[in-house]
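Coordinate analysis (summary)
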Amino acid sequence: VQLQASGGGLVQAGGSLRLSCTTSGRTFSSYSMGWFRQAPGKEREFVAGISWSGDSTNTQDSVKGRFTISRDNAKSTVYLQMNSLKPEDTAVYYCATGRLAGLGSYLQNEYTYWGQGTLVTVSS
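Residues numbered from 1 in each chain as written. Predicted model: local features only at pLDDT ≥ 70, side-chain atom pairs only at ≥ 80, totals over all residues. Heavy atoms only, no water.

1. Some remarks on the packing of aromatic side chains
All told, the structure shown has 4 aromatic pairs when counted by the stated rule. Consider the rings of Phe-36 and Tyr-111, whose centres lie 5.0 Å apart with planes at 80 degrees: the pair is edge-to-face. Residue Phe-36 is located in strand S4 (residues 31-38), and its partner Tyr-111 is located in the loop between strand S9 (91-100) and strand S10 (113-114); the two are separated by 75 residues in the primary sequence. In this structure, Phe-36 and Tyr-111 share a single accessibility class: buried. Taken together, a centroid distance of 4.9 Å and an interplanar angle of 55 degrees make the contact between Phe-36 and Trp-114 tilted. Placement of the pair is Phe-36 in strand S4 and Trp-114 in strand S10, with a sequence separation of 78 residues. (Phe/Tyr/Trp six-rings, centres within 6.5 Å; stacked < 30°, edge-to-face > 60°. Helix = DSSP H or I, 4+ residues; strand = E, 2+ residues; numbered from the N terminus. Buried < 20%, exposed > 50% of the residue type's maximum accessible area, 1.4 Å probe, protein only.)

In structure tokens, the structure reads:
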């Protein structure tokens, strides 16, 4: 299973970015997906998760109303739309595959395969 994340970059505070993560080697539509991030000197944390069907999402409180997770099963791709970015959103963002028929849990141990990460830098 391979995950390829893209879309990171440098953006000013208040700006937007959309991250993409394309998966191969697995029936994408059967598994939940998640986005996590790791800021310098901090532990990796959950950002958002989405169920296998896309009907249910789960978002960390600090990004609610600003970040939206979605998926396109036909393209085997999960997205993270990030709006109103803040300097504290600066981190390496990782996508990961979750459980079969999963709901997009915040628990890292429910995610099996991880992408290589894409760096998001938000300047003040």
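2. Describing the sheet that holds strand S8 (residues 77-82)
Pairing is antiparallel in the open sheet, where 4 strands are placed in the order S1-S3-S8-S7. Of all the strands in the sheet, just strand S1 (2-6) and strand S7 (67-72) have a single pairing partner and so form its edges. Neighbour-to-neighbour, the strand axes of this sheet turn through a mean angle of 15 degrees, independent of strand direction. Summarising the sheet, S7 and S8 pair through 6 bridges and their orientation is antiparallel. From the neighbouring strand, Ile-69 faces S8, where its bridge partner is Leu-80. (Pairing = 2+ DSSP bridges. Axes fitted to C-alpha atoms, helices over the stretch in contact; angles between N-to-C directions.)

3. Quick notes on the environment of Asn-83
Inspection of the secondary structure puts Asn-83 in the loop between S8 and S9. Sequence-wise, Asn-83 and Gln-12 are 71 residues apart; in three dimensions their C-alpha atoms are separated by 11 Å. Apart from the residues within four sequence positions on either side, Asn-83 is in contact with Gly-15, Ser-16, Arg-66 and Phe-67. Within the structure, Asn-83 has its side chain in polar contact with the side chain of Gln-81 (distance 2.9 Å). (Contact = heavy atoms within 4.5 Å. Polar contact = N/O pair within 3.5 Å; in protein donor to acceptor, adjacent residues only side chain to side chain.)

So yeah, pure geometry; function would need other evidence.
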